Amino acid sequence: MTFRVAGAQLNLHVGDIRGNEELIADAIARAEAEKADILLTPELALTGYPPEDLVNRTDFVRANKEAVERLATKTGNVTAVVGFVDTAPSTHSGAIDAWERNVANAAAILRDGRIVGVYHKVLLPNYGVFDEDRNFSPGTDPGRTWTVGGVRFGVSICEDIWLTDGPPAAQVAAGARLLLNINASPFHRGKAAERETMLAERARSAGVPLVYLNLVGGQDELVFDGASVVFDSDGELMHRSPQFEEDFFVVDLARSDPAPSQVAPLLDPVEEVYRALTTGLGDYVRKNGFNGVVLGLSGGLDSALTATLASDALGPEKVWGVSMPSRFSSQHSIDDARDLASNLGIRFDVLPIDDVYQSHLDALSQLFTGTGFGVAEENLQARVRAAILMGLSNKFGPMVVATGNKSEMAVGYATIYGDMVGGYAVLKDVFKTLAYDLAKWRNRDGEVIPRSTIEKPPSAELRPDQQDTDSLPPYELLDAILERYVEQDLGLVEIMGDGFEPELVLRVARMVDRSEYKRRQSAPGVKITTKAFGRDRRLPITNAFRHGEP
């Protein structure tokens, strides 16, 4: 006897209940055509993930429940597992608490034109980017199972399977011979391999096949990489969907084990990040209705990489690069920007800013009299450029993309209301050293980002003969300290114990701490690490504590 499982690895849109419903309905029809016994869709497929505080709106919850009922009528022989937001029973015997969580992260089991069962997620993550305990009420029936075609199976949702003794263990104890887990598991570097190691162990320990279906696509800062998998009862990988692509797959289970299916390779670590960045940027622009993007092209690495990512994500016809040279801009930087635009095939314009910059200096001259040239004069150039880019955005509709990287954001080496301006900052979670790796990877089949852009010393070009190393340690050293201080939350004494000079560690930590107010006002950007600025790393702006400072 065979049991056919289908999976729809979909790119869904938060809040677009009707659009998501159509995608799910198409998957149900395809699963019926493939004579599948059961179809899996992602976690909260109808609402998109994460819906955040939308779940507090009764009209939102009602609309998604009505969509579930409509989808149920589209099922026949196939059993569809559809993620949605369900209402949860009140836990109060008296007056209702205004903050009571009265909804659940749920999976509807649809068959024969009706809803035959509902599972509520039991384990609600409340760490990192997750706030599910804020929004949802936990399920109370972890061991519930259903039977289709003589096969008893258990359904669980994302976090439920990460704990050794989570709901899937209870489902196997209740007689389940197949485990189904639907997910919206956000990407970070190396997570796919970590996930598979855990899932293989769950299948091996349970002694039954495991089907893991993941979401794909970008949602604000989060990116979902797909990479849905099927493991047999021995924990052997039998199927893997591609990363960062929609996929529909069918796997036949013979008795207890699946027959071998397609196993898409996991991407190279640098390519994996590149694909995450293009997915996040592309979906942010498309799902928010922008007609393209505009950005400043300085001739430096970060703007070159950002433009290349945008071109790959959206197509060159939707990318507009603008060079805005001042009196301190070098000719080779203008030439590098022009060469990049030519290589990519994007629109390119040169708008000199010196006259506008001088008008700002003239306006301030009475108040600046008697002071020397400094940061104020440097940053005025960045703010002039920001005003120009926003003017082009307002007039013609493209979204401004900020070009700063994580190293700069960490230490405040960025101009607030200047080069930090933009609707999205695609490199916000990318250290400078990784930006070089990404640029070199993109050039693997031929030069796109000019070689001189990659090889020349980085400079903001806001004063004569300026280089980043005038203000910062070399990026290899800076990033190593930032990784420990920002991503690992190590104290200064611990970082010094790794061999870094105490004065340098203290200097970097102080730059990070005093720049919190800037980061709070920065654009969202793609999360690719376990500790991204924004959703992951949340510190008070007004903060007198200096962690671990001797």
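Description of the structure in this document. (Residues numbered from 1 in each chain as written. Predicted model: local features only at pLDDT ≥ 70, side-chain atom pairs only at ≥ 80, totals over all residues. Heavy atoms only, no water.)

Here's the deal with the overall build of the protein chain
For step 1, the next point in the chain: Counting its regular elements, the protein chain contains 17 helices and 20 strands.
For step 2, the next point in the chain: In terms of overall size, the protein chain behaves like a compact globule, its C-alpha atoms giving a radius of gyration of 26 Å where 550 residues would be expected to give roughly 24 Å.
For step 3, the next point in the chain: Burial analysis of the protein chain (550 residues in total) assigns 57% to the buried set.
For step 4, the next point in the chain: Carbon and sulfur atoms make up 50% of the accessible area of the protein chain, which totals about 22700 Å².
For step 5, the next point in the chain: For the protein chain, the distance from the average position of its 56 positive side-chain charges to the average position of its 78 negative side-chain charges is 3 Å. (Helix = DSSP H or I, 4+ residues; strand = E, 2+ residues; numbered from the N terminus. Rg over C-alpha atoms; globule rule 2.2 N^0.38 Å. Buried < 20%, exposed > 50% of the residue type's maximum accessible area, 1.4 Å probe, protein only. Areas by Shrake-Rupley, 256 points an atom, 1.4 Å probe, with all protein chains shown as cover. Lys, Arg positive; Asp, Glu negative; His and termini not counted. Charge placed at Lys NZ, Arg CZ, Asp CG, Glu CD.)

Description of the packing of aromatic side chains
For step 1, the next point in the chain: Scanning the model with the defined rule gives 8 aromatic pairs in all.
For step 2, the next point in the chain: Relative to phenylalanine 373, the ring of phenylalanine 328 lies with its centre 5.7 Å away and its plane at 70°, an arrangement referred to as edge-to-face. With phenylalanine 328 in the loop between β17 (319-323) and α8 (331-344) and phenylalanine 373 in the loop between α9 (354-368) and α10 (375-396), this pair connects stretches of sequence that are 45 residues apart.
For step 3, the next point in the chain: Phenylalanine 328 sits in the buried class, given a relative accessible area of 19%. (Phe/Tyr/Trp six-rings, centres within 6.5 Å; stacked < 30°, edge-to-face > 60°.)

A few points about the pairing of strand β13 (residues 237-240)
For step 1, the next point in the chain: With 3 bridges joining them, strand β12 (residues 229-231) and β13 adopt antiparallel strand pairing. Within β13, the position partnered with phenylalanine 231 by the bridge is leucine 237.
For step 2, the next point in the chain: The hairpin turn running from β12 into β13, its antiparallel successor, is 5 residues long, and glycine 235 in that turn takes a positive phi close to 80°. (Pairing = 2+ DSSP bridges.)

Details of the pairing of strand β5 (residues 114-120)
For step 1, the next point in the chain: In this sheet, β5 lies alongside strand β4 (residues 103-111) in antiparallel orientation, the contact comprising 6 bridges. By the bridge assignment for β5, alanine 106 is matched with histidine 120.
For step 2, the next point in the chain: Counted between consecutive antiparallel strands, the loop separating β4 from β5 contains 2 residues, among which aspartate 112 sits at a positive phi close to 55°.

Digging into the pattern of salt bridges
For step 1, the next point in the chain: The tally for this structure, following the rule as stated, stands at 32 salt bridges.
For step 2, the next point in the chain: Between glutamate 245 and arginine 275 there is a salt bridge whose closest N-O contact spans 3.6 Å. Of the two residues, glutamate 245 sits in the loop between β13 and β14 (247-254) while arginine 275 sits in helix α6 (residues 269-287), which places them 30 residues apart along the sequence.
For step 3, the next point in the chain: A relative accessible area of 38% means that glutamate 245 is categorised as partly exposed.
For step 4, the next point in the chain: The salt bridge partner of arginine 442 is aspartate 312, with a shortest N-O separation of 2.7 Å. Here the residue arginine 442 occupies a position in helix α12 (residues 432-442), and aspartate 312 occupies one in helix α7 (residues 301-314), the gap between them amounting to 130 residues.
For step 5, the next point in the chain: What makes arginine 442 buried here is its relative accessible area of 19%.
For step 6, the next point in the chain: Judged by relative accessible area, aspartate 312 falls into the partly exposed class, the value being 35%.
For step 7, the next point in the chain: Ionic contacts of the salt-bridge type, sharing partners, join the residues Arg18, Glu21 and Arg70 into one network. (Salt bridge = Lys/Arg side-chain N within 4 Å of Asp/Glu carboxyl O.)

Section: the sheet that holds strand β7 (residues 151-157)
For step 1, the next point in the chain: The 6 strands are arranged β6-β7-β8-β9-β12-β13 in an open sheet whose pairing can be described as mixed. Edge positions in the sheet fall to β6 (146-148) and β13, since each of these pairs with one other strand and no more. Sheet twist, expressed as the average angle between the axes of neighbouring strands with direction ignored, equals 20°.
For step 2, the next point in the chain: Across the sheet, helix α5 (residues 191-206) lies against β8 (178-182), β9 (210-213), β12 and β13, angled at about 30° from β12, the strand it touches most. (Axes fitted to C-alpha atoms, helices over the stretch in contact; angles between N-to-C directions. Contact = heavy atoms within 4.5 Å.)

Topic: empty space enclosed by the protein
For step 1, the next point in the chain: Counted by the stated rule, this structure contains 5 cavities of 30 Å³ or more.
For step 2, the next point in the chain: One number sums up the size of the largest cavity: a volume of about 70 Å³.
For step 3, the next point in the chain: Around the largest cavity, the lining residues are Ala402, Gly404, Met409, Ala414, Asp419, Met420, Ala425, Ser522 and Ala523.
For step 4, the next point in the chain: Class assignment for the residues of the lining of the largest cavity results in 6 nonpolar, 2 polar and 1 charged. (1 Å grid on protein atoms, 1.4 Å probe; cavity = no way out; pocket = protein on both sides within 12 Å on 5 of 7 lines; lining within 4 Å. Points joined across faces, edges and corners; volume = space filled by probe spheres on them. Nonpolar A, V, L, I, M, F, W, Y, C, P; charged D, E, K, R; others polar.)

Some points on α6
For step 1, the next point in the chain: For α6, which comprises 19 residues, the first-to-last C-alpha distance of 27 Å matches the rise-based estimate of 27 Å (1.5 Å per residue) to within 8%.
For step 2, the next point in the chain: In terms of residue burial, α6 counts as a mostly covered element, since 14 of its 19 residues are buried.
For step 3, the next point in the chain: The N-capping residue of α6, defined by a side-chain oxygen 2.9 Å from the backbone nitrogen of valine 270, is aspartate 268.
For step 4, the next point in the chain: Phi for glycine 289, located one or two positions after α6, is positive at around 80°. (Expected span 1.5 Å × (residues − 1). Polar contact = N/O pair within 3.5 Å; in protein donor to acceptor, adjacent residues only side chain to side chain.)

So, the sheet that holds strand β19 (residues 399-402)
For step 1, the next point in the chain: Strands sit in the order β18-β17-β16-β19-β20 across an open sheet of 5 strands; the sheet is parallel. A strand with exactly one partner marks an edge of an open sheet, and here the two such strands are β18 (347-350) and β20 (424-425).
For step 2, the next point in the chain: Taken strand by strand, α6 contacts β16 (293-296), β19 and β20, and its axis lies near 155° from that of β19.
For step 3, the next point in the chain: Across the sheet, α8 is in contact with β17 and β18; its angle to β18 comes to roughly 160°.

Topic: the packing of α6 against α7
For step 1, the next point in the chain: Running from N to C, α6 and α7 point in directions that differ by 65°, and their axes come no closer than 8 Å. Between α6 and α7, the crossing angle belongs to the class labelled roughly perpendicular. The handedness of the crossing between α6 and α7 comes out as right-handed. Facing α6, whose interface residues are Tyr274, Leu277, Thr278, Leu281, Gly282, Val285 and Arg286, α7 presents Leu305, Thr308, Leu309, Ala310, Asp312, Ala313 and Leu314. (Parallel < 35°, antiparallel > 145°, perpendicular 65-115°, else oblique. Left-handed = near helix turned anticlockwise from the far one by under 90°.)

Some remarks on the nonpolar core
For step 1, the next point in the chain: In this structure, Leu277, Leu297, Leu438 and Ile528 are the most contacted members of the largest nonpolar core, which totals 46 residues.
For step 2, the next point in the chain: Among the secondary structure elements, those contributing two or more residues to this core are α6, β16, α7, α8, β19 and α12.
For step 3, the next point in the chain: In terms of nonpolar packing, the next biggest core, distinct from the first, is built from 41 residues, Ala31, Val78, Ala106 and Phe130 among them. (Core = buried A, V, L, I, M, F, W, Y, C linked by side-chain atoms within 4.5 Å.)

A few points about α12
For step 1, the next point in the chain: Extensive coverage of α12 is indicated by the burial of 8 of its 11 residues.
For step 2, the next point in the chain: Within α12, burial applies to Lys432, Leu434, Ala435, Tyr436, Leu438, Ala439, Trp441 and Arg442.

Re the packing of helix α1 (residues 17-33) against helix α2 (residues 58-72)
For step 1, the next point in the chain: Relative to each other, α1 and α2 sit at 20°, their axes nearing to 10 Å. As far as their axial angle goes, α2 and α1 are roughly parallel. The handedness of the crossing between α1 and α2 is right-handed. In contact with Ile17, Arg18, Glu21, Ile24, Ala25 and Ile28 of α1, α2 contributes Phe60, Ala63, Asn64, Ala67, Arg70 and Leu71.

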